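# Analysis of the macromolecular model
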Amino acid sequence: MDDQRTTSATHTGLAVAQEFIRAVEAKDIDAVARTLAGEARQLFMHARGATAPQGVADIVGGRKRGVCVADVKGRSEVLAYTGALFDKFSPLRWRDHRWIVSPDGELFFHGVGDMVVARTGRPYRNTYVTRFDVEDGRIVLMAEYGNALMYAGLGVRPNGAEFRSLLRAVGRMLSPRLSARSGR
C-alpha cells in the first residue's frame, strides 16, 4: 500500500476510533454500534506495567505483550459488554488521553480511567492502552492493555457476554491455533 493510501486509511480509522471513545463516554450504545463491524472483537490483555511511559512505547512498538484475559466476540457481545460498563460506572471517562499512530500506521488510545463504580461509589483509575484495527470504516478489533487485576478487584459481577469472554480467553491459552499473548 502506498503512503498516501496508508495515511488516508489511518485518518479514517482514527476518526472511527475517536467516535467509539466519544460514544462510550456519552453512554450512547447506538453510536457505539455504528462504529463496529459485525465480526468485531475486543480483547482484554493483562499487561501490568505496560501502561507506564516505557510500557506504552513498548506496546506501540510491538515489544510488549500481555496475556488475554477476556475475548469478546462479535458486535452483539461487544455491545453487551459495553452496555454493562454503562451500568457499572458513572461517570465513564478517560482523562489525560492521547492518540498514537505507530510507524506502521496502527492506532492506539492511551488514557487513565476517571470512573466511579456505580454500586459502591469507589473510584476506579486504571490506565489503558487500546489498539484499534479498523477496516472499511468499522472497528474489527480492539486490544485493550491494562491491569486486569485492578478491574477484577472491583468485585463487579460479569454479565453473560463477559463470562463467555472470560471462558474464551481460557480457551485461547489452551489452543494451538489462537494466541493468548499476541492481542490478535
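First, a word on scope: everything that follows refers to the structure included in this document.

Calculation rules
- Residues numbered from 1 in each chain as written.
- Predicted model: local features only at pLDDT ≥ 70, side-chain atom pairs only at ≥ 80, totals over all residues.
- Heavy atoms only, no water.
- Helix = DSSP H or I, 4+ residues; strand = E, 2+ residues; numbered from the N terminus.
- Buried < 20%, exposed > 50% of the residue type's maximum accessible area, 1.4 Å probe, protein only.
- Contact = heavy atoms within 4.5 Å.
- Polar contact = N/O pair within 3.5 Å; in protein donor to acceptor, adjacent residues only side chain to side chain.
- Pairing = 2+ DSSP bridges.
- Expected span 1.5 Å × (residues − 1).
- Arc of directions from axis to C-beta.
- Salt bridge = Lys/Arg side-chain N within 4 Å of Asp/Glu carboxyl O.
- Phe/Tyr/Trp six-rings, centres within 6.5 Å; stacked < 30°, edge-to-face > 60°.
- Core = buried A, V, L, I, M, F, W, Y, C linked by side-chain atoms within 4.5 Å.

## Quick notes on the environment of Lys88
For Lys88, the location among the structural elements is in helix 4 (residues 75-88). Since its relative accessible area comes to 12%, Lys88 is described here as buried. A C-alpha to C-alpha distance of 7.4 Å links Lys88 and Val156, two positions 68 residues apart in sequence. Those residues in contact with Lys88 that lie beyond four places of it in its chain are Val116, Val117, Ala118, Tyr151, Val156, Arg157, Pro158 and Glu162. One polar contact links Lys88 to Glu162, side chain to side chain, over a distance of 2.8 Å.

## Topic: the pairing of strand 1 (residues 36-46)
Across a regular strand the side chains alternate sides, sitting on one face of the sheet and then on the other. Within strand 1, eight of the eleven residues are buried, which leaves it mostly tucked inside the rest of the structure. Here strand 1 pairs with strand 8 (residues 138-146) via seven bridges, running parallel. Across the sheet, Met45 pairs through a bridge with Tyr145, a residue of strand 8. Bridging between strand 1 and strand 2 (residues 67-73) involves six bridges; their strand directions are antiparallel. Residue Arg41 lies in a different strand from strand 2, and its bridge partner there is Lys73.

## Some remarks on helix 6 (residues 160-174)
When the terminal C-alpha atoms of helix 6 are compared, their 22 Å separation across 15 residues agrees well with the 21 Å that a helix rising 1.5 Å per residue should span. Taken together, the buried positions of helix 6 are occupied by Ala161, Glu162, Ser165, Ala169 and Arg172. Viewed along the axis of helix 6, the buried residues span an arc of 95°, placing them on a single side of the element. Away from the buried face of helix 6 by more than 90 degrees, exposed residues Leu167 and Leu174 are located. Elements that come into contact with the buried residues of helix 6 comprise strand 1, strand 2, helix 4 and helix 5 (148-152).

## Notes on the pattern of salt bridges
Summed over all chains, the structure comprises nine salt bridges. Its salt-bridge partner being Arg22, residue Glu19 comes within 3.2 Å of it at the nearest N-O pair. Of this pair, Glu19 and Arg22 both sit in helix 1 (residues 3-25), three residues apart, roughly one helical turn. According to the relative accessible area criterion, Glu19 is partly exposed, its value standing at 29%. With a shortest N-O distance of 3.5 Å, Arg95 and Asp96 are connected by a salt bridge.

## Here's the deal with the packing of aromatic side chains
The tally for this structure, following the rule as stated, stands at eight aromatic pairs. Taking 5.8 Å as the distance between ring centres and 65° as the angle between the ring planes, the aromatic pair formed by Phe20 and Phe132 counts as edge-to-face. With Phe20 in helix 1 and Phe132 in strand 7 (residues 127-135), this residue pair connects regions lying 112 residues apart in the sequence. Phe132 gets classed as buried once you look at its relative accessible area, which sits at 3%. With centroids separated by 6.1 Å and ring planes inclined at 65°, the aromatic side chains of Tyr124 and Tyr151 adopt a geometry described as edge-to-face. One end of the pair, Tyr124, is in strand 6 (residues 123-124); the other, Tyr151, is in helix 5, with 27 residues separating them in the sequence. Here Tyr151 falls in the partly exposed class, since its relative accessible area comes to 21%. In textbook terms, an aromatic cluster arises when at least three aromatic residues are bridged by ring pairs, as seen for Phe20, Trp94, Trp99, Phe109 and Phe132.

## Quick look at the nonpolar core
Ranked by size, the top nonpolar core spans 34 residues in total, and within it Phe20, Val32, Leu36, Phe89 and Phe132 carry the most contacts. Within the residue set of this core, elements represented by two or more residues are helix 1, helix 2 (29-35), strand 1, strand 2, helix 4, strand 4 (107-113), strand 7 and strand 8. No other element matches helix 1, which puts seven residues into this core. Setting aside its immediate chain neighbours within four residues, Val32 contacts Phe20, Ala23, Val24, Leu79, Thr82 and Phe86. Met45, Ala47, Ala143 and Ala169 belong to the second-largest nonpolar core, a separate cluster that totals 16 residues.

Honestly, it's all geometry; don't read function into it.
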